[in-house]
Amino acid sequence: MSSPAFAVEMREVTKRFGSLTANDRITLRIASQSIHAVIGENGAGKSTAMNLLYGLYVPDEGEIWLKGELLALKSPRDAIQRGVGMVHQHFMLVPTLTVTENIILGAEPETGIGIDYKKARARIVEISRQYGLVVNPDALIQTLSVGEQQRVEILKTLYRGADILILDEPTAVLTPPEVEDLFRILRSLREQGKTLIIITHKLAEVLALSDRVTVMRDGKVVGEVPTKRTTAEELARMMVGRDVLLRVEKEPAHPKEVTLTVTNLKYTKPNGVEALKQVSFEIRAGEILGIAGVEGNGQTELIEILAGLLTPHSGTIEFKGRSLNGFSARAIREAGIAHIPEDRHHRGLLLDFNLADNLILGVHYRIPASKGMWLDRPTIDQRADAKIRDFDVRPANHELPARALSGGNQQKLIVAREFGLPPTVLLVSQPTRGVDIGAIEFIHRKLIALRDSGVAVLLVSAELEEVLSLSDRLLVMFEGEVVGEVDPTTVSQQELGCLMTGSTGKAAHAS
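Residues numbered from 1 in each chain as written. Predicted model: local features only at pLDDT ≥ 70, side-chain atom pairs only at ≥ 80, totals over all residues. Heavy atoms only, no water.

**Regarding the sheet that holds strand β10 (residues 220-226)**
Working step 1: Across the sheet, six strands lie side by side as β6-β7-β8-β3-β9-β10; this open sheet has mixed pairing. Looking at the sheet topology across the chains shown, the edges are occupied by β6 (84-87) and β10. Neighbouring strand axes in the sheet, compared pairwise and without regard to direction, differ in orientation by 20 degrees on average.
Working step 2: Across six bridges, strand β9 (residues 212-217) lies against β10 in antiparallel orientation. Counterpart to Thr214 in the pairing with β10 is Glu224.
Working step 3: The sheet contacts of helix α5 (residues 146-159) involve β6 and β7 (164-168), and relative to β6 the element is tilted by about 170 degrees.
Working step 4: Against the sheet, helix α6 (residues 176-191) engages β3 (35-40), β7 and β8 (195-199), with an angle of about 145 degrees to β8. (Pairing = 2+ DSSP bridges. Helix = DSSP H or I, 4+ residues; strand = E, 2+ residues; numbered from the N terminus. Axes fitted to C-alpha atoms, helices over the stretch in contact; angles between N-to-C directions. Contact = heavy atoms within 4.5 Å.)

**Structural notes on unusual backbone geometry**
Working step 1: In this structure, the amide linkage connecting Ile367 to the following residue, Pro368, adopts the cis form with an omega of 10 degrees.
Working step 2: As for its position among the elements, Pro368 is in the loop between α12 (355-358) and β17 (370-371).
Working step 3: For the bond from Leu421 to Pro422, the omega torsion is -10 degrees, close enough to zero to count as cis.
Working step 4: Turning to its location among the elements, Pro422 is positioned in the loop between α14 (407-419) and β19 (425-429).
Working step 5: Residue Arg25 is not a glycine yet carries a positive backbone phi of 50 degrees.
Working step 6: If you trace the backbone, Arg25 turns up in strand β2 (residues 20-31).
Working step 7: You can call Arg25 exposed: its relative accessible area is 51%.
Working step 8: Residues other than glycine seldom take positive phi values, yet Asp218 does so here, at roughly 55 degrees.
Working step 9: Assignment of secondary structure puts Asp218 in the loop between β9 and β10.
Working step 10: Assessed through its relative accessible area of 54%, Asp218 is described here as exposed. (Buried < 20%, exposed > 50% of the residue type's maximum accessible area, 1.4 Å probe, protein only.)

**Observations regarding the nonpolar core**
Working step 1: Core analysis: the biggest nonpolar cluster contains 48 residues, and Phe419, Leu426, Leu447 and Leu496 have the highest contact counts within it.
Working step 2: Residues Val99, Ala139, Ile141 and Leu189 belong to the second largest nonpolar core, which totals 33 residues. (Core = buried A, V, L, I, M, F, W, Y, C linked by side-chain atoms within 4.5 Å.)

**Topic: the sheet that holds strand β13 (residues 288-292)**
Working step 1: What the six strands build is an open sheet, ordered β16-β19-β20-β13-β21-β22; its pairing is mixed. Where the open sheet ends on each side, the last strands, each with one partner, are β16 (337-340) and β22 (481-486). Taking the axes of each pair of neighbouring strands and ignoring which way they run, one obtains an average angle of 20 degrees across the sheet.
Working step 2: Note: β16 against β19, four bridges, orientation parallel. For Ala338, the partnering residue across the bridge sits in β19 and is Leu426.

**With respect to the packing of aromatic side chains**
Working step 1: Scanning the entire structure with this criterion turns up three aromatic pairs.
Working step 2: Ring centres of Phe391 and Phe419 lie 6.1 Å apart, and the angle between their planes is 85 degrees; on these two criteria the pair is classed as edge-to-face. On the criterion of sequence distance, the pair formed by Phe391 in the loop between α13 (377-390) and α14 and Phe419 in helix α14 is long-range, its members being 28 residues apart. There is no split in this pair, since Phe391 and Phe419 are both buried.
Working step 3: Geometrically, the ring pair formed by Phe391 and Phe442 is edge-to-face, given 5.4 Å between the ring centres and 80 degrees between the ring planes. Here Phe442 lies in helix α15 (residues 437-452) and Phe391 lies in the loop between α13 and α14, a separation of 51 residues in the sequence.
Working step 4: Its relative accessible area of 27% is what places Phe442 among the partly exposed residues.
Working step 5: Among the aromatic residues, those joined into a cluster by ring pairs are Phe391, Phe419 and Phe442.
Working step 6: Just above the ring of Tyr365 sits the side chain of Arg330; from NZ or CZ to the centre is 3.8 Å. (Phe/Tyr/Trp six-rings, centres within 6.5 Å; stacked < 30°, edge-to-face > 60°. Lys NZ or Arg CZ within 6 Å of the ring centre and 35° of its normal.)

Spelled out as structure tokens, the structure:
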């Protein structure tokens, strides 16, 4: 028998994929009406364990108990019927349907002749009010912010009767205010009897939100601790197996000549919204210029214009004194400007291509990847193996498709490719989104090393701690404009927050 005090028990569970053992005899116990964090490096087996609990995979060995009952889950439908819901890192919503239509999809209440849409909408409004998940039931998904879309995903699980909720990297794409709002919602769900399991890499959030923490490494559970009795340093050590530097250590920058100059850049979206309004700045070789701001204030459009993916409506871009206006993405890359995009799936990878082929994207037509009209496959594979090893991409198999990797390992694959261009200017957007603590430390050190080698780095990050600790100079964007430049070593988070939200006052003089 299993104790009803535990909402979930996984006993000696093993899951293999061919020769890879993703979960190795793991035992996991989740107390009822608690928030339990499951943490570990990319590829540690966290998502596999949760996919077993959600019925997406079937264990090769071991037992899964829910509320004291031994179960054999064969599909997500089985899990949903038993009260388990899952909010995936990449939302599973149909952009052109309404909130209500997305929530009831596959669970539509029926009348004698069709779907009882009115009844479904009323039920969604009721659940929304009960749990403080404010969202317009008639809005199209494509009109909602990322935070609102996440509320829809949570509502979708609650509509189906879930009392055990699994959330995979729930804050990966949220702004700081949205994170605070999510935490309020999750605490409210716990108080109303729900059990929540959080998969995350963010140790500060683990410490702020969870009741207990399970740590996984290399497919095994290596520890479980009450949150109030641990520290970020201890959790990081358990995750990685060694001490991890949680703060960026760097010497002062020694900027040299101006490498990239942006003057009066303007861009208007197809819907008529001005994304960039007279944006001007310059970056020097050997420095990291950071851009802080709430996502959606023009940072994405700025980076994509500089990478040649969008065309500005006016303004100039100069690289070492030469105009880049009108240059294609290939020509910009050939000039020595590398790009780590914020959306790794749509801009960074060909998910059905293998790792070796993804590592030559953008240089596939020239030496050493190509010999005349033909790809030099032995050289490509050898080069891929070296980069996979140097950047610790897991699993270390260049023949795997990119979609087979975890999000963090996909990010490391992109970083490996772009760092190896080699770049004169690096455009980097959200470099550590969804990346584990060990990989964050690794990527940060690589960025500092690139800077120290004379590369000009333009960094956009929604993580305030990251952009403050890495940047040598820091610009703040609000509603498509640069509203201030601050010293990242002296600016307070309050001053920065004022600039990021368009407030005036003391922050306006931070530069």
